Amino acid sequence: MDFISKLNSFKELTLEFILKRGRSTANISPIKPGILFISIILFHVFYLKIVESVNENLIMTENFSNFWLDGFIIFTSLSTIIFFSFRFWYTKYTPSETTVILLFLTSYILFNFILFSNNLNWSFFTDSILKLHYPLYFLIPIFLFLTYYIIKRTIIVLSKKPEFRSQFQSDVPINKINDDKLGYEPYVKNLGKIILNESFSKAFSIGLVGPWGNGKSSIFDLIKSEIEDNEKVLRDNIFIDFQPFLNHNEYDIINEFFILLSNQLSKFDGNISNEILNYSQKLNDLYQSKSLINFVSKSTNTQENLAAKELYNKINESLTRINKKIIVFIDDLDRLNGDEIIQVLKLIRNTGNFKNTIFIVAMDKDYVLQRLKSSDHILNSAYLEKFFQLEIYLPEIDNNLLRENFLEIFELAQDTESLDFALRIKEALSNSDILFNDYVKNIRDVKRYSNQIKFDYPFIKSEINLVDFINFTFLKTRFPSIVNQLYEDRSNLLRYDNINDLYHIEVLPESAKEEDEGKSIPLDLFNFFNSQSTTNKTIETKDLKEFKKYKIFKSIIQDNGCSDNSNKVDCDDLYLLFKTLYTLFGKKDIESSDSIQLSDNLNTLFYRKIQENNFTQKEFKDLLNFKNIEVLKSDISNLDANHKLLQLLKKLKWFKATNTDILKKVIQILIHLYQMKDEYSLNGVDVNERLNFYNKELFTKEFGESAENAKWLWNKLFTEDNLSLDKKIYLIGEIWSSRNENELWKFSKDDISEKAIEMYALKLNELKGTTWKVNQFEFYGYYHALKNINEIQPKLNELFESFWKDRDIKLLCAQTIDAVAFSSSVYRLSDVIIDIYGAKENFVSFVKKHEFAEKPEIKEYIQFLDLLQKTRFKSPIEFKFKTFTLAKERIKNIKKQYLNNSSFDEYKDYHQVILETNDKEFLYAIRSHQNYNLIPKIELYDNDDTIVSIINIYKKNANADLVKIAILLNEIGTDKLGWKAKSLDKAELINNESFLEHSSDPEKEIKIIHPKPAKF
């Protein structure tokens, strides 16, 4: 049993070997095995005669011995073994089947003689050296030769890898009827009957008409395949496969055809072959030299000098004599230019119009007519009717059949990834935006576009929406000039939306529309579009006029017609081009982050590669499948380390969650990004925008019960530890400030108010016993984030005052010192105080009553406040802190920050001198007599009992100017207001003594209250 199974296995391997060589068992030529079999039979039939002949010619005396003959036989045998061993192992020699058969026959005869030598009374000579019988020196090399041959063939069969099937489709016509998927078998059968059974007195021309790629060449090959199996047909007919597009010019076409015809006829009649060549030469002379001399010359001397008409008649007579039908297949007429097409038509109708000749011409008739018209060869489409006596029209291929073929190409793959891709292709083809029916019209298109998709897809994988990717592949393959324009300068066709980072087709501004309103549409384009069925339009327009509102219309088509467009797009293709651009880049809702309109995705398609550090769709899906929050944090950290977080935000900008679980995971990702936005340097606006979008999505009907989802979201935001207390405070403030848009994410206003107060109290409690740097203002940020929430500000103020009530207020005081708009030399009290204390005066009162008010630093700060208060907090004050270290540090930071942004300082050339008097008329009089060279600026602030004046004096000589100011005041007061001069001693002025006395009212005084002493 084992032997039989092994034998069967060997038979199967042998069969497999034969098949893999490209043959079937039915096609193996029986000649060589037949010869071997007949030879063996003849050997046995004439066995006795052969034995008799051997006895007569090869029998030697028994004691025959020849040392040199023995050496020669041994040397020859060994040399043969070494020679073929070298060829087998080093040159990989494979013997022919003829050699193997001859050696097998030889070994069979020798082995037979040895086996039956006793019956024949034969004994074989033995050599005197190795003592072996002579026949063995022949059998051993043959045996080794055949053994090696069998072993090598067995190894080849066993080690033969499965035949590789390319994933790409070549544009090769089918030649087996079993491969016919278009239902062309009836056409093949009927056409075959016509060409084999019908006879004609002249040439008969058949046009096989159909658009490019519709299978015309396949019908030719199927007919030829049917003919090849019929020996009678091959004997009775001459078949010529003429391909005119392989010639270099139109004159070669005629010559090439007659050479082919001559070669075929030479098998039957040498004379007719020569006649054909002479006839061809005369035609060539006529067409190229335009000379009629040789064409019409007549002489009886030689065949070469016969007129063309006589040669033509002789050829017909010869064809009648040999009685062979000539069948000519002419393929790809639609690949030729106008001049070449005319030459082929002349051949069919005139120069090749021989008896019983059938021309079968495959062509796209519309294209042929278009080429002939464009080259001014014909004026009327009826021109072709005189050339073809029968036209066979191939029907338009059904779109469903094309889709099936398209899908089948992708389903042939055996690996899981390719099969998954095939399923996605199938899903994409069912999408309403797919342009498959517009682009794929025949089997050639199926192969071409499937090959392009297979080649390009590995570069972009799942990063681009598959429908967009396929449509873009259609565009790129059909309109390469348009894609090149998009690559080099897409602004001519598309508008970039920098807010959303996407491209779309641009609508012309109203002014451009009005300017274009009076212009007529080019006639050729108008007629073409009016002939299109509006049911095929995906653009929301009724006619061509609507296209004019898009910039792409003006960019592609010039005013003088569709035939004159800069991209050389055929008029017939313009509608398809517009439709494709609209489908790809029309203004529509972006449903996912893989849309072609997004700039990164469009660039990926152009560069045909995923950019370095690209955040892939697979990585995105893996991120959405995080198991717990710690895994999520680790994944986000890795994305930041690889510079992919911005890409994640872009994907989240357009991602559409398909179920509640996915949506909740997206929200958790954004909550973590909100927490880490500062550490990861993320744009807070983008994070907030995405968080708001998905939280609103959570409360749509699609994602379940609102109350349950609101509870889940509240826990994630404010109950659990996903956010720090700081981030929770800022977030709840942002929720409130955007309440009109977010509808508070279904949280109640009371819950938000209570939570805000609770978190602020927790934060203040957390800060007790701590301090912070004077340039850190987060403490006030918490207050500002919450103060506008639902009238909770009074409670926040209460908590704020309570926090500072029993605490050292040096930090609070220093941080309330603020800069003014155009200077870093003078300072004011921050307006933040108004929010918390209601008025700046209330804050001054709070400081003065505080238990730390007697500290030197706070006393100095109170001096600053008193000066500000005397100006009703309307004017900044030049004030130099001496003991208040934190205030000096705060002012240092103000100066540094200001100088980083500006070098201009409104007060840089002045010092302030502040005067206070209880004689209000006197200071108003001073301002009315202002000497601008001395005093460039005077400000007056009227209080209840006194009036304060801030006088700016030049820094360059401040002390001298102070004396001049005193002199001026003396002059004004003495002359007009009842004042009398006192001593203008400089020391008294510096010590802030009153430098005027009132002549009638000793209570009136005027003093320098700042600086103290009045010294700069």
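*Asks:* Tell me about the overall build of the protein chain, and name the residues and values.
*Replies:* Along its length, the protein chain carries 45 helices and 17 strands. Within the protein chain, the fraction of its 1016 residues that count as buried is 46%. Carbon and sulfur atoms make up 51% of the accessible area of the protein chain, which amounts to about 54,800 Å² in all.

*Asks:* Give a description of a positive patch on the surface that names residues and reports values.
*Replies:* A cluster of basic residues, K880, K882, K895 and K955, forms a positive patch on the protein surface. Its location among the elements puts K882 in the loop between α41 (856-870) and α42 (885-901).

*Asks:* Go over the confidence of the model for the protein chain, please, and point to the residues and values.
*Replies:* Taken over all residues, the pLDDT of the protein chain has a mean of 81, while the share at 70 or more is 82%. Taken as a whole, residues 520-543 scores under 50 in pLDDT and shows 44 contacts with residues more than four places along the chain or in a different chain.

*Asks:* Mind laying out the packing of helix α19 (residues 443-460) against helix α20 (residues 466-478), listing which residues take part and the relevant values?
*Replies:* Close contact between α19 and α20 brings their axes to 10 Å; oriented N to C, the two are set at 125 degrees. In terms of axis orientation, α19 runs oblique to α20. The way α19 lies across α20 gives a crossing that is right-handed. Packed against α19, whose contacting residues are R448, Y449, Q452, I453, D456, Y457 and I460, the element α20 presents L466, F469, I470, T473, F474, K476, T477 and R478 at the interface. Looking at side-chain class alone, the contact of α19 with α20 contains 8 nonpolar, 3 polar and 4 charged residues.

*Asks:* If you had to explain the sheet that holds strand β2 (residues 237-242) to someone new, which residues and values would you point to?
*Replies:* Read from one edge of the open sheet, 5 strands run β2-β3-β4-β1-β5, paired in parallel fashion. The sheet terminates laterally at β2 and β5 (390-393), the two strands that pair on one side only. Taken pair by pair, the neighbouring strands of this sheet meet at an average axis angle of 15 degrees, ignoring direction. One ladder, built from 5 bridges, connects strand β3 (residues 325-330) with strand β4 (residues 357-363); its direction is parallel. Pairing of I327 across the sheet is with I358, part of β4. Strands in contact with helix α8 (residues 216-228) are β1 (204-209), β2, β3 and β4; relative to β4, the strand with the most contacts, it is inclined by about 145 degrees.

*Asks:* Before we move on, can you summarise the packing of helix α33 (residues 725-737) against helix α36 (residues 778-786) with the specific residues and values?
*Replies:* Following both chains from N to C, one finds α33 and α36 inclined at 35 degrees, their axes separated by 8 Å at the closest point. Considering how the two elements wind past one another, α33 and α36 form a crossing that is left-handed. Between α33 and α36, the residues in contact are D726, I729, Y730, I732 and G733 and E778, G781, Y782, A785 and L786, respectively. By residue class, the composition of the contact of α33 with α36 is 6 nonpolar, 2 polar and 2 charged.

*Asks:* Run through the side chain of T580, naming residues and quoting values.
*Replies:* Looking at the secondary structure, you find T580 in helix α25 (residues 571-585). Residue T580 is classed as buried on the basis of its relative accessible area, which comes to 0%. Leave out the neighbours within four places in its chain, and T580 touches L435, Y439, N471 and L475.

*Asks:* Give me helix α15 (residues 365-374): which residues, what numbers.
*Replies:* Buried within α15 are the following residues: K365, Y367, V368, L369 and L372. Contacts from the buried residues of α15 go to β1, α14 (338-351), β4 and β5. Two residues or fewer past α15, D376 is found with a positive phi of approximately 60 degrees.

*Asks:* An account of the nonpolar core is needed here, citing residue identities and associated values.
*Replies:* Judged by nonpolar contacts, the single largest core of 104 residues is most densely connected at L648, L673 and Y861. With 10 residues, the top contributor of residues to this core is helix α30 (residues 660-676). Ignoring anything within four residues of it in the chain, the contact list for L673 reads I636, L645, L648, L649, L652, L682 and V687.

*Asks:* I'd like a rundown of the pattern of salt bridges, residues and numbers included.
*Replies:* The final tally for this structure, using the stated rule, is 37 salt bridges. Notably, a salt bridge pairs K763 with D726, separated by 2.5 Å at the nearest N-O pair. Of this pair, K763 sits in helix α35 (residues 749-767) while D726 sits in helix α33, and the two are 37 residues apart along the sequence. Accessibility expressed as a relative area gives 5% for K763, which makes it buried. With a relative accessible area of 23%, D726 lands in the partly exposed category. Residues joined by salt bridges that share partners form a network here, namely D818, R828, D831, K840 and R890.

*Asks:* Explain the environment of A362 to me, and be specific about the residues and the numbers.
*Replies:* Within the element layout of this structure, A362 appears in strand β4. Exposure remark for A362: the relative accessible area of 0% places this residue in the buried category. For the pair A362 and G215, spaced 147 residues apart in the sequence, the C-alpha separation amounts to 9.7 Å.

*Asks:* Can you explain the pairing of strand β11 (residues 823-829)? Please cite residues and give values.
*Replies:* The buried count for β11 comes to 6 of 7 residues, which makes it a mostly enclosed element. Sheet topology places strand β10 (residues 817-820) next to β11; 4 bridges connect them, and they run antiparallel. Bridge pairing in β11 links V820 to S823. Two successive antiparallel strands, β10 and β11, enclose a turn made up of 2 residues.

*Asks:* Can you explain a nonpolar patch on the surface? Please cite residues and give values.
*Replies:* A surface patch of nonpolar side chains, amounting to about 900 Å² of accessible area, comprises F67, W68, I129, L130, L132, L136, I140, F143 and L144. Broken down by element, the nonpolar patch gets its largest block of residues, 4 residues, from helix α6 (residues 134-159). Among the structural elements, I129 can be located in the loop between α5 (97-115) and α6.

*Asks:* Explain the sheet that holds strand β12 (residues 910-917) to me, and be specific about the residues and the numbers.
*Replies:* The strands making up a sheet associate through backbone hydrogen bonding, with each pair oriented either parallel or antiparallel. Overall, antiparallel pairing links the 4 strands, which are arranged β13-β14-β12-β17 in an open sheet. The two strands at the open ends of the sheet, each matched to only one other strand, are β13 (937-942) and β17 (1006-1010). Between one strand axis and the next, the sheet turns through 25 degrees on average, direction left out of account. As judged from the 8 bridges shared by β12 and strand β14 (residues 947-954), these two strands associate in the antiparallel manner. Following the sheet pairing, T917 is matched in β14 by I947. Helix-sheet contacts for α41 involve β12, β13, β14 and β17, and the interaxial angle to β17 is about 130 degrees. Relative to β13, helix α43 (residues 920-928) is tilted by about 155 degrees, and along the sheet it contacts β12, β13, β14 and β17.

What counts as what
- Residues numbered from 1 in each chain as written.
- Predicted model: local features only at pLDDT ≥ 70, side-chain atom pairs only at ≥ 80, totals over all residues.
- Heavy atoms only, no water.
- Helix = DSSP H or I, 4+ residues; strand = E, 2+ residues; numbered from the N terminus.
- Buried < 20%, exposed > 50% of the residue type's maximum accessible area, 1.4 Å probe, protein only.
- Areas by Shrake-Rupley, 256 points an atom, 1.4 Å probe, with all protein chains shown as cover.
- Patch = residues over 30% accessible without salt bridge, like charges linked within 9 Å, V, L, I, M, F, W, Y side chains within 5 Å.
- Salt bridge = Lys/Arg side-chain N within 4 Å of Asp/Glu carboxyl O.
- Lys, Arg positive; Asp, Glu negative; His and termini not counted.
- Charge placed at Lys NZ, Arg CZ, Asp CG, Glu CD.
- pLDDT = per-residue confidence, 0-100.
- Contact = heavy atoms within 4.5 Å.
- Axes fitted to C-alpha atoms, helices over the stretch in contact; angles between N-to-C directions.
- Parallel < 35°, antiparallel > 145°, perpendicular 65-115°, else oblique.
- Left-handed = near helix turned anticlockwise from the far one by under 90°.
- Nonpolar A, V, L, I, M, F, W, Y, C, P; charged D, E, K, R; others polar.
- Pairing = 2+ DSSP bridges.
- Core = buried A, V, L, I, M, F, W, Y, C linked by side-chain atoms within 4.5 Å.

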